[in-house]
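These are the residues of each chain, in order.
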Amino acid sequence: MTLAAHSHAAKPLRKRIADASEPYLYSAPALILIIGVMLVPLVLGISYAFRDIQLLNPFSGGFIGLDHFRALGQDQAFFRALRNTLWWTGASVFLQFIFGLILALLLDKPFAGRGLVQALVFLPWAVPSFLAGLNWAWLFNPVIGPLPHWLHALGLLDAPNNILSDPQLAMWGPIAANVWWGIPFFAITLLAALQAIPRDLYEAASIDGAGPVQRFLSITLPFLAPTIAITILLRTVWISNFADLIVVMTNGGPADRTQIVASYIFTQAFKRLDFGYASAIALVLLVLLLVYSLLIVLLRQTMLNKG
Amino acid sequence: MASIDIQSIRKSFGAFPVLHGVDLTIQDGEFIVLVGPSGCGKSTLLRMIAGLERISGGDLLIGGQRMNDVPPAQRGIAMVFQSYALYPHMTVRQNMEFALQIARMPKAEIDKAVENAARILQLTPYLDRLPKALSGGQRQRVAIGRAIVRDPKVFLFDEPLSNLDAALRVATRIEIAQLKEAMPDRTMIYVTHDQVEAMTLASRIVVLARKGIAQVGTPLELYERPVDEFVAQFIGSPAMNLLAGEIIATGAETVVRLDGGGTARSAVPTQTSDMGRKVNIGVRPEDLLAVSGDGLFSGEVQIVEALGEVTQLYVARPGGGAHIIAKLPGIHPDLRHKTVTFGADPAKVHLFADGRSLLYR
Ligand SMILES: Nc1ncnc2c1ncn2[C@@H]1O[C@H](COP(=O)(O)OP(=O)(O)O)[C@@H](O)[C@H]1O
Ligand SMILES: [Mg+2]
């Protein structure tokens, strides 16, 4: 102690400053890179939300305070997009999860040719989203695609029409494409979690007399719960921002029936070229997603603490 | 009734045979210990009795009823796994209740059964804990408790103590022995590779060798009258010494001239037709005595292991071959590099011809 204090006093000031700043100097390159790459665009984007930025108007660019947000409060199209986003995200995530779980449970059982089937199942994941959107748009097109005819034959459609142009049904088109495209993600992660469950627990349960449903509820589900929570969180945030399929398949139409917030931002920015307003919408979406994530993380924490 | 009849049961995994026809009858209330080298099919046999593994051929009868195709829960058995296999998301109480709730037992009876088991196993203070908050020994007791509450006719244990440290293993072994004493009419089948567990717990030991049963008998029967060289060397530690030789006198007592020099007397009777037969004599390390004058053989002591209560000597015979191990009571610090003559009581000298004991024929 005394020795340390002594040597401390004896060092010249420059040396002491150099010593104190040493850790910061080491970490500076990484920090500067992270701030440059992540924070600068974020701050710039946020600043747009408070400025009047229209690409075709050379006199724009001034600070306008909360004007964009006031306009947003009156914007019926935005609120419709918000409702559509809920619908699009909820249905997509739910169906992707359910089918992904079923697929993972099937793939967890040993059967001949399982390796091949596993590889095939994960194929949609490798298809670029624009290609997937185009494919599904064609599948729903009664002129070249079989789906309208099949749906008609099953009695689900009155006539073999394109559901993408039916305001009541259009949203189901991108949702179907999204579910097809996103199942592998859930299947892969849930399968990995399933395979980590010790087999002798199932054996103990079968000796205890548990049937398949009880085994699923008492062993499989508790083991999967943390994975389910985190994958659903990730996918929800991701899908609510995911406008590719909608832009390709319906472009938000008909009559804005498939317009979600993300595609609405895209429309505002790249069709109307109003970057300021688009940034304001994006900021609102960001805040909503942050709140959602925070809630899920809190929920998970309390669940883990209880467990 | 919980007698178990195993009638020429076979098991193969795909084309790979593990058990070729096992026959075994287990009486009500027996404590059977299955021992055998690793990979010989002990767990497989136990799991077939439990119903966790399909029976490839033969019949399994529990209490006189054919059980080959009866699901595990309806066989009247309970199993304790080596890994404990506790449900990690359930408390100790919930783990023990699980089977009873599935069987739709009334709540009051469930509570009584669980509290009774918890009291026997000293788990009462831990009933509301999760398995991860328990020590290894406590987890194993919960696994045993989970078996007890179901009140099965047959308990199956697959190496239940091998994940515990030495002291805990002894304590839990004694608890299991007491448990059996408290439930004299329950049948227990216990797999282990621990000699001491086998010798102390078993009413009968079943030695499994490659693909079948080598010998069944009480612990002392196996120790004193092993049926072949495999059982002789498997039971007892260190393993029985085998020395090759030739019969030179027959009758109520047999005399064998050993290949490396020396002669051995054995109390195993032989007939005149056995004269000149090539045999192995078997002597356990603890049956060898240091003698002055004539003995079985003399050799140089090369390694001395002083264990305190006994001293193990590794002795090289003049003719070469594997070390002979002798276990002398007490401490012998001065024997290293000495040449010692060893003898044995003829009653303790076994005779094997072609691997089989000449006691049985
Ligand atoms: N599910 C299985 N598939 C293929 N082979 C198995 C399986 N289970 C066990 N075996 C084989 O059967 C033999 C006996 O195994 P086991 O009964 O576990 O031996 P142990 O006597 O050590 O308990 C081993 O050779 C093992 O490799
Ligand atoms: Mg085993």
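Bear in mind the structure is a predicted one, so any value in this text is a computation, not a measurement. Throughout this document, residue positions are counted from 1 along each chain, in the order its sequence is written. All chains are assigned letters beginning with A, and all ligands numbers beginning with 1, in the order in which they are written. Only residues with pLDDT of 70 or above have their local features reported here, since the model is predicted, and side-chain atom pairs are shown and tallied only from 80 upward, although totals for entire chains, interfaces and linings are computed over all residues. Only hydrogens and water are set aside when side-chain values are computed; all heavy atoms of the structure are taken into account.

A.B. asks: Explain the packing of helix α3 (residues 107–120) of chain B against helix α4 (residues 136–149) of chain B here, please?
C.D. replies: Each packed pair of helices is defined by two parameters, the angle between the axes and the distance between the axes. Residue and element names in this part refer to chain B. Running from N to C, α3 and α4 point in directions that differ by 140°, and their axes come no closer than 9 Å. Taken together, the axes of α3 and α4 lie oblique to each other. Between α3 and α4 lies a crossing of right-handed hand. For the pair α3 and α4, contact is made by Ala 113, Val 114 and Ala 117 and by Gly 145, Ile 148 and Val 149, respectively. Counted by class, the contact of α3 with α4 contains 5 nonpolar, 1 polar and no charged residues. Here the axes come from fitting lines to C-alpha atoms, over the contacting stretch only for helices, and the angles between their N-to-C directions go from 0 to 180 degrees. For helices the rule is a DSSP run of H or I covering at least 4 residues; for strands it is a run of E covering at least 2, with both sets numbered from the N terminus onward. Note on angle classes: values under 35 degrees are labelled roughly parallel, values over 145 roughly antiparallel, values of 65 to 115 roughly perpendicular, and the remainder oblique. The handedness criterion is simple: a crossing whose near helix is rotated anticlockwise from the far helix by less than a right angle is left-handed, and one whose near helix is rotated clockwise is right-handed. Two residues form a contact once any of their heavy atoms are found within 4.5 Å. Asp, Glu, Lys and Arg are counted as charged, while Ala, Val, Leu, Ile, Met, Phe, Trp, Tyr, Cys and Pro are counted as nonpolar; the rest, among them Gly, fall into the polar class.

A.B. asks: For this particular structure, what's the right way to read the interface of chain A and chain B?
C.D. replies: A common way to state how big an interface is: give the accessible area lost once the parts meet. Counting from both sides, the interface comprises 16 residues of chain A and, opposite them, 23 residues of chain B. Note on chain A versus chain B: buried area summed over both sides is about 1,600 Å², and carbon and sulfur give 65% of it. Buried area is understood as the total, over both parts, of accessible area removed when two parts are fitted together, assessed with a 1.4 Å probe. When the area that chain A buries against chain B is broken down by residue, the three leading residues are A:Glu203, A:Ile207 and A:Asp208, summing to 40%. Within this document, salt bridges are pairs made up of a side-chain nitrogen of Lys or Arg and a carboxyl oxygen of Asp or Glu, the two lying within 4 Å of each other. Among the ionic pairs, A:Glu203 bridges to B:Arg47, the shortest N-O distance being 2.7 Å. Identification of polar contacts relies on pairs of N or O atoms within 3.5 Å, with a donor-acceptor requirement for protein atoms, meaning one able to donate a hydrogen and the other able to accept it, and with residues adjacent in sequence counted only if both atoms are side-chain atoms. Counting across the interface, chain A meets chain B through 7 residue pairs in polar contact (both at pLDDT 80 or more).

A.B. asks: I would appreciate a short explanation of the environment of B:Gly319 in the present structure.
C.D. replies: Residue and element names in this part refer to chain B. Looking at where Gly 319 falls in the secondary structure, it is placed in the loop between β17 (310–316) and β18 (324–329). With relative accessibility at 63%, the residue Gly 319 sits in the exposed group. When the C-alpha positions of Gly 319 and Asp 259 are compared, they lie 7.8 Å apart, and in sequence the two are 60 residues distant. Using a 1.4 Å probe on the protein chains alone, a residue whose accessible area is under 20% of its type maximum counts as buried, one over 50% counts as exposed, and one in between counts as partly exposed.

A.B. asks: Sorry if this is basic, but what is going on with the domain arrangement of chain B here?
C.D. replies: Residues and elements named next belong to chain B. Its domain assignment divides chain B into domain 1 (4–234) and domain 2 (241–360). The straight-line distance from the C-alpha centre of domain 1 to that of domain 2 is 38 Å. Contact residues are listed per partner, giving 11 residues for domain 1 and 11 residues for domain 2. Summed over both sides, the interface of domain 1 with domain 2 buries roughly 1,100 Å², with 47% coming from carbon and sulfur. It is Tyr 223, Val 227 and Glu 229 in domain 1 that bury the most area against domain 2; as a group they hold 50% of the surface buried on that side. Between the two partners, domain 1 and domain 2, sit 1 salt bridge. Across the pair Asp 228 and Arg 356 runs a salt bridge, and its minimum N-O distance is 3.8 Å. Where domain 1 touches domain 2, the interface holds 6 residue pairs in polar contact (both at pLDDT 80 or more). Its residues assigned to classes, the side of domain 1 that touches domain 2 shows 5 nonpolar, 2 polar and 4 charged. Where each domain begins and ends is defined by an automated method or by a domain database.

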